[in-house]
Amino acid sequence: MSESVTGGAGPAVTNAGVARSAALYQRARQVMPSGYTRQMAVTQPHPAYVASGQGCWVTDVDGNRRIDWVNNFASLLHGHNKKEVVDAIHNQAATVMLSVMPSEWEIKLAELLCERIPSVERVRFMNSGTEANLMATKAVRAYTGKPRIAKMEGGYHGQYDLLEASFQPRPDQWGDASAPRSVAYSVGTPQSLLDEVLVLPLNDIEASRALLRRHAHELAGVILDPLRLQLGVVAPRHDYLAMLREETARLGIVLVFDEVLCLRVGYHGTQGLHGITPDLTTMGKIIGGGLPIGALGGRREFMSVFEIDAGDPKIKHSGTFTANAMTMAAGFASMALMTPEAFDRFNAVNLRLRDGLERIRVDLGIAGVVHGAGSLSSLLMTDMPLNNYRVLAMAMGSGLAAKIETYNKLLLHEGIYSMRGGFIGSTAMADDDIDFTLAGVKRALTRMQSL
Ligand SMILES: Cc1ncc(COP(=O)(O)O)c(C=O)c1O
């Protein structure tokens, strides 16, 4: 049971009103465009403003208390206010927050990642997943001397405009299914930048292989999230990943796994689950213990572009806040708790959630599928075979997006914060938190059927 429940803080309160959040939003609108700083926080008619968090529960300024299945977009591994992490942050803040001098915490976190993640022999830290992917782009170019980057249609790698290409293209922009066009995500992206991106159709082995071979002479790297496309919905097939591994190695293209989000599925990350080792891996989220972080790791050979031993490095990577002692200490404290046994316990609790979701789906006769790995789970209410971005986009356009929105709202009413209907677990959750969640999910879905 989560700390807050055993601590007698009572059941989730879902009806305490919204007056304070509404007033804060009006203030926010006076100083930020439309009142927001991050798009993913947009909620109609206004967001709920956070007041406090404890374990897997979070309370807003009006006193609404909900179970947190978002965990700040998967960056909190232990939920809120985990003692060991809070202590590490307190101690470090009281000792030295930041300095131009490196700290031992940086080495400790680097050692931990090198020990656990199969591809990682050397690591560099950044301040976000976006920055890690940006540095990966520079690294693969510097290593190969080639200019272009390949990514999956629909793949998300943060906010670097190059890698935003074809994140969410509209059907009229798609082009040929076996050679997707590179489409801007942000208005104003220069065509010259889009031309640097080769877009691959996920899970289409023949078409992707042909594209890789045709463009090998100009391709520096291929980047993909090895677990998921579009927030957990579409999984790269194992044979697709195996093809990428084989072709990139043969063609002199660097294979980059973006494990910014999916590193949380196991002690050795998603690459450990698949048994496929990329050349470079980008990381972020959980490895910062809740503070901003990114990292790029890989075999020594690929990371040599940062080495200074032979003179000037090929890439002069730095950054004001890079590897600051606070983040390094928090990240180490958080990750050190995750032994292989801790991952097993964590994943077993989340498997219980997926089993429960599947039982509910069957009981209520809902067409769809329960997806997930490790602490990432979702019930997807469609029977379309979701194996690439285009099928997903078509499913979304023909009712799935509306269903997800309704489901998310009904879950909120049940005291459950979900990631658009998806569940990102924390180690603060125990069996009765799963029971609480499943009971709420069942009521929400039952109501949905009567709408
Ligand atoms: C797979 C993936 N890559 C990169 C990022 C970007 O990370 P950040 O938001 O820390 O810049 C995210 C964030 O959600 C992500 O899910």
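Here's a quick rundown of the structure. Note that the coordinates shown come from a computational prediction; the quantities given were computed from them, not determined experimentally.

Summing up its helical and strand segments, the chain has 16 helices and 14 strands in all. Relative to its full complement of 451 residues, the chain shows a buried share of 53%. In the chain, of all internal contacts separated by at least 6 residues, the share reaching a separation of at least 24 is 70%. Total accessible area on the chain stands at roughly 19,900 Å², and carbon and sulfur atoms take up 55% of it. Where the 44 positive side-chain charges of the chain centre and where its 45 negative ones centre are 4 Å apart.

For Ser21, the position within the fold is in helix α2 (residues 19–29). Once residues lying within four places of it in the same chain are set aside, the contact partners of Ser21 are His46, Pro47, Ala48, Tyr49, Val61 and Asp62.

Spatial strand order, β11-β12-β14: three strands in an open sheet with antiparallel pairing. The open sheet has two edge strands with one neighbour each: β11 (369–373) and β14 (422–424). With strand direction ignored, the average angle separating the axes of adjacent strands in the sheet is 10°. In terms of strand pairing, β11 meets strand β12 (residues 376–380) through five bridges, oriented antiparallel. Note that in β12 the partner of Gly372 across the bridge is Ser377.

Before going further, it helps to examine the side chain of His78. Within the secondary structure layout, His78 lies in the loop between α3 (71–74) and α4 (83–95). With relative accessibility at 6%, the residue His78 sits in the buried group. Engagement of the side chain of His78 in a polar contact is seen with the backbone oxygen of Ser334, the distance being 2.9 Å. Side-chain polar atoms of His78 contact the side chain of Thr427, separated by 2.7 Å. Among residues more than four places away in sequence, those in contact with His78 are Val85, Ser334, Leu337, Met338, Ser426, Thr427 and Ala428.

On to the site of the ligand, then. Taken together, 13 residues sit near the ligand, with Gly129, Thr130, His157, Asp258 and Lys285 positioned nearest. For the ligand, an oxygen atom lies 2.8 Å from a polar atom in the backbone of Gly129. Note that an oxygen atom of the ligand is positioned 2.7 Å from one of the side-chain N or O atoms of Lys285. Its free accessible area being 400 Å², the ligand has 84% of it covered by the protein chains. Sorting elements by how many residues they give to the shell around the ligand places helix α6 (residues 129–144) first, with three residues. Split into classes, the residues belonging to the shell around the ligand amount to three nonpolar, six polar and four charged.

The next subject is the pattern of salt bridges. Going through the model one piece at a time under the given rule, you end up with 21 salt bridges. For the salt bridge of Arg213 with Glu247, the shortest nitrogen-to-oxygen distance reads 2.7 Å. Taken together, the positions of Arg213 in helix α9 (residues 205–215) and Glu247 in helix α10 (residues 238–251) put the pair 34 residues apart, joining distant regions of the chain. Lys442 serves as the salt-bridge partner of Asp363, at 3.6 Å between the closest nitrogen and oxygen. Here the residue Asp363 occupies a position in helix α14 (residues 340–363), and Lys442 occupies one in helix α16 (residues 431–450), the gap between them amounting to 79 residues. The class for Asp363 is exposed, based on a relative accessible area of 55%. Among the ionic contacts, a cluster of salt bridges with common partners joins Glu206, Arg209, Arg213, Glu247 and Arg250.

Criteria and thresholds
- Each chain carries its own residue numbering, running from 1 in the written order of its sequence.
- Residues qualify for local features only when their pLDDT is at least 70, as the model is predicted, and side-chain atom pairs are given and counted only at 80 or more; totals for whole chains, interfaces and linings, by contrast, use all residues.
- No hydrogens and no water enter the side-chain calculation; it runs on all heavy atoms of the structure.
- The secondary structure listing takes helices from DSSP runs of H or I that are at least 4 residues long and strands from runs of E that are at least 2 residues long, numbered from the N terminus.
- Only protein chains enter the accessibility calculation, which uses a 1.4 Å probe; a residue is then buried when its area is under 20% of its type maximum, exposed when over 50%, and partly exposed in between.
- Should any heavy atoms of two residues lie within 4.5 Å, those residues are counted as being in contact.
- Accessibility throughout is a Shrake-Rupley quantity obtained with a 1.4 Å probe, and a residue counts as covered only by protein chains that appear here.
- Asp and Glu are treated as the negative residues and Lys and Arg as the positive ones, with His and the ends of the chain left uncounted.
- The atoms used to mark charge sites are NZ of Lys, CZ of Arg, CG of Asp and CD of Glu.
- In this scheme, strands are said to pair when DSSP sees at least two bridges between them.
- Note on method: axes are straight lines fitted to C-alpha atoms, helices fitted across the in-contact stretch only, with angles between N-to-C directions ranging 0 to 180 degrees.
- Whenever two N or O atoms come within 3.5 Å, that pair is a polar contact, provided that in protein one can donate a hydrogen and the other can accept it, and provided that, for residues adjacent in sequence, both atoms are side-chain atoms.
- Any residue with a non-hydrogen atom lying within 4 Å of a molecule or strand is treated as near it.
- For this scheme, ten residues count as nonpolar: Ala, Val, Leu, Ile, Met, Phe, Trp, Tyr, Cys and Pro. Four count as charged, namely Asp, Glu, Lys and Arg, and the remainder, Gly too, count as polar.
- By convention in these notes, a salt bridge is any Lys or Arg side-chain nitrogen within 4 Å of a carboxyl oxygen on Asp or Glu.

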